[in-house]
Amino acid sequence: MIPRVVILGGGVGGTIVANRLARRLRRGEAEILVVDTTGRHVYQAGLLYVPFHTHDPNDLVRPLRRLLNRRVEFLEGSATAI
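Note that the structure is a prediction, hence the values are computed from the model and not measured. (Residues numbered from 1 in each chain as written. Predicted model: local features only at pLDDT ≥ 70, side-chain atom pairs only at ≥ 80, totals over all residues. Heavy atoms only, no water.)

Asks: What is the right way to read the pairing of strand β1 (residues 4-8) from this model?
Replies: Each regular strand displays side chains that alternate between the two surfaces of the sheet. Both β1 and strand β2 (residues 31-36) contribute to a ladder of five bridges, which runs parallel. Directly across from Arg-4, in β2, lies its bridge partner Glu-31. With helix α1 (residues 12-24) bridging β1 and the parallel β2, this β-α-β connection has right-handed handedness. (Pairing = 2+ DSSP bridges. Helix = DSSP H or I, 4+ residues; strand = E, 2+ residues; numbered from the N terminus. Right-handed = clockwise from strand over helix to strand, strands pointing away.)

Shown next as structure tokens:
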């Protein structure tokens, strides 16, 4: 049975960890799954510019799936138990 790594949350930390694991681990070494409640990734550093009207808040949001390595599975939902 292949081990599964489950990452709860697709924020900056969860996205980076999932993508780094996908690059480091060989195929069949582990499955990687990210679980996130919204399926959206907000570039939070860009929020600094919203009050100054230099960035539209909608431009700072991306579908999380687009930011994840192809080897990373994605599930929109929330954990009910660990």
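Asks: Whenever I open this one, the sheet that holds β1 confuses me. Can you help?
Replies: Consider a sheet: its strands pair through backbone hydrogen bonds, and that pairing is either parallel or antiparallel. Strand order across the open sheet formed by three strands is β1-β2-β5, with parallel pairing between neighbours. Looking along the sheet, the strands with just one partner apiece sit at the ends: β1 and β5 (72-76). Recorded for the sheet is a direction-independent mean angle of 25° between the axes of neighbouring strands. In the sheet, β2 pairs with β5 via five bridges, with the strands oriented parallel. In the strand pairing of β5, Ile-32 is matched with Val-72. (Axes fitted to C-alpha atoms, helices over the stretch in contact; angles between N-to-C directions.)

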